[in-house]
Each structure stands twice: as structure tokens, then as C-alpha cells.
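In case you want the letters, here they are:
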Amino acid sequence: MKYLYKIALRFVRIFPVNCFRIWLLRKLGVKIGDRCRLFRADWGTEPYLVELGDHVVVSNNVRFLTHDGAVWVFRDEHPELDVFGTIRIGSNVCLGFNTVLLPNTEIGDNCIIAAGSVIKGKIPKNSVVMGNPAKVVMSIDMQKRLVLMSRFTFNSKGMSFQKKKKMLLDFFEHFDK
């Protein structure tokens, strides 16, 4: 059964269809809310200790670590020792590329976790977090204001590939001069 579990976790990582990935992860014990987008992530060896709220995006290469492998250094003295912890993600959360979530982590609702962040502990709701170790850098409201004011914000959803390409190339051709 252990090997079947490992195979299923590998399959989840490579299978390209989001709905199948969610179905299989739920079978493995991950609690997943509604309207989530899960890209190719590493769900660790205890995915049943992970819980996602509604409307969560998990970018590529996000790692869910539900155990602490550092107890290895104590194995000679305590051969059966293991340390585990849950990971709970609130609703309306974006986990950026290469984020690492450590055991006993809880992220509140309405949070953005920047790419490459290493998260441990409790992240308050309505936060933008980044770094290693991750720290709250601003509120979600401030991030929204900055995005809406940015000259690099475009209304491109639903646009054809060619139209989007032309718009972006035209913009950056004039921007660089």
C-alpha cells in the first residue's frame, strides 16, 4: 500500500488536468475546498495532514512538508522519533512558485504568499508575505492598490494569444525607449 501511495503522489504531480489532480488528492486525504487551482506541487509523504480552503491557487513546485526530517540527528538516541504537523490554508489564497510550507503552518484567508517564500507558523488573514523566513510585508488592500496603479497591469483575460502577444510587444517596445 505504501508504494501505491507513492505512485499516486507522483502521478498527481505529472497529470495535467486540474479536476483529476484534485480528485486523486482528495482520495489521498487532502481536504480541498471549492474552486481551487492546483498546479504541479509536492504534497509530501503525509498529504492527509494538508487542508485547503475555497479558491486557493497552488503554483508549480510548492512543497507541503508535514514532517520534520531534522530529527534524523537524534535517531541514534531515539530511533523511533518523528515530528509531524498539519498545514492549513485559508480561502482565497495564492501560493507562489517554489513556496515551501513547513509543519504546523496556518495561513489565514485572503493572503498572497510570494514566490520562493518559506512559511512556518501562523500567517494572519489579509496579508502579503514573502521571504525566507517569510514575513508579512503589507496588507492585501495595499497590494491591490499597487497592482491597480501599476503601468504593467493589463486587462488580457479572454484575449486571443495573437491579440495578447501584439498588445504586450507593442507596449514593451514603447516602454523600453
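Since the model is a prediction, treat every value here as computed from it, not as a measurement.

Would you mind showing me how to read the pattern of salt bridges here?
Here the idea is simple: oppositely charged side chains can pair when their charged atoms come close. Under the defined criterion, the tally for this structure stands at four salt bridges. Between D42 and R63 there is a salt bridge whose closest N-O contact spans 3.4 Å. In this pair, D42 is assigned in the loop between β2 (37–38) and β3 (50–52) and R63 in strand β5 (residues 63–64), connecting sequence segments 21 residues apart. Among the salt bridges present, the one from D170 reaches K166, with a minimum N-O distance of 2.7 Å. Remark: K166 and D170 occur in helix α4 (residues 161–175); sequence separation between them is four residues, near one turn of the helix.

Is there a simple way to explain the nonpolar core in this structure?
Nonpolar side chains in soluble globular proteins generally cluster together in the buried interior. Judged by nonpolar contacts, the single largest core of 26 residues is most densely connected at W43, L52, V58, F64, L95 and I107. Taken together, the elements giving at least two residues each to this core come down to α2 (18–27), β3, β4 (56–58), β6 (87–89), β7 (93–95) and β10 (111–113).

Would you mind going over the sheet that holds strand β1 (residues 31–32) with me for this structure?
By way of backbone hydrogen bonds, the strands of a sheet pair with one another, either parallel or antiparallel. Reading across from one edge, β1-β3-β6-β9-β12 is the order of the five strands in this open sheet, with parallel pairing throughout. Because the sheet does not close on itself, it has two edges, and the strands there are β1 and β12 (122–123). Direction of pairing for β6 relative to strand β9 (residues 105–107): parallel, over a ladder of three bridges. Bridging across to β9, I89 finds its partner in I107.

What's the story with the side chain of S59 in this structure? I'm lost.
Note on placement: S59 falls in the loop between β4 and β5. A polar side-chain atom of S59 sits 2.8 Å from the main-chain carbonyl oxygen of L95. Look past the residues within four positions of S59 in its chain and what remains in contact with it is F39, R40, A41, L95, G96 and F97.

In this structure, what is going on with α2? I would like to understand it.
Because an α-helix completes one turn every 3.6 residues, residues spaced three or four positions apart along the sequence face the same direction. Within the span of α2, buried status applies to R21, I22, L24 and L25. For α2, the angular spread of the buried residues around the axis is 165°, confining them to a single face. The outward face of α2, more than 90 degrees from its buried face, is lined by the exposed residues C19 and K27. Just beyond α2, the residue with positive phi is G29, at close to 110°.

What counts, and where the lines are drawn
- In every chain, residue numbers begin from 1 and rise along the written sequence.
- For a predicted model such as this one, the threshold for reporting local features is a pLDDT of at least 70, and the threshold for listing and counting side-chain atom pairs is 80 or more; totals across whole chains, interfaces and linings nevertheless cover every residue.
- Side-chain metrics rest on all non-hydrogen atoms present in the structure, leaving aside hydrogens and water.
- Here a salt bridge means any side-chain nitrogen of Lys or Arg lying within 4 Å of a carboxyl oxygen belonging to Asp or Glu.
- Under the scheme used here, helices are H or I runs from DSSP no shorter than 4 residues and strands are E runs no shorter than 2 residues, and both carry numbers assigned from the N terminus.
- Nonpolar core, defined: a set of buried Ala, Val, Leu, Ile, Met, Phe, Trp, Tyr and Cys residues in which side-chain atoms within 4.5 Å join the residues together.
- For each residue, the accessible area found with a 1.4 Å probe, counting protein chains only, is set against the maximum for its type, and the residue is called buried under 20%, exposed over 50%, and partly exposed in between.
- At least two DSSP bridges between two strands are required for those strands to pair.
- Pairs of N or O atoms within 3.5 Å make up the polar contacts considered here, provided that, within protein, one atom can donate a hydrogen while the other can accept it, and that residues adjacent in sequence are counted only when both atoms are side-chain atoms.
- Contact between two residues is taken to exist if any of their heavy atoms lie within 4.5 Å; hydrogens are not considered.
- Throughout, the arc means the angular range of directions from the helix axis out to the C-beta atoms.

Everything listed is a geometric property; what it means functionally is a separate question.
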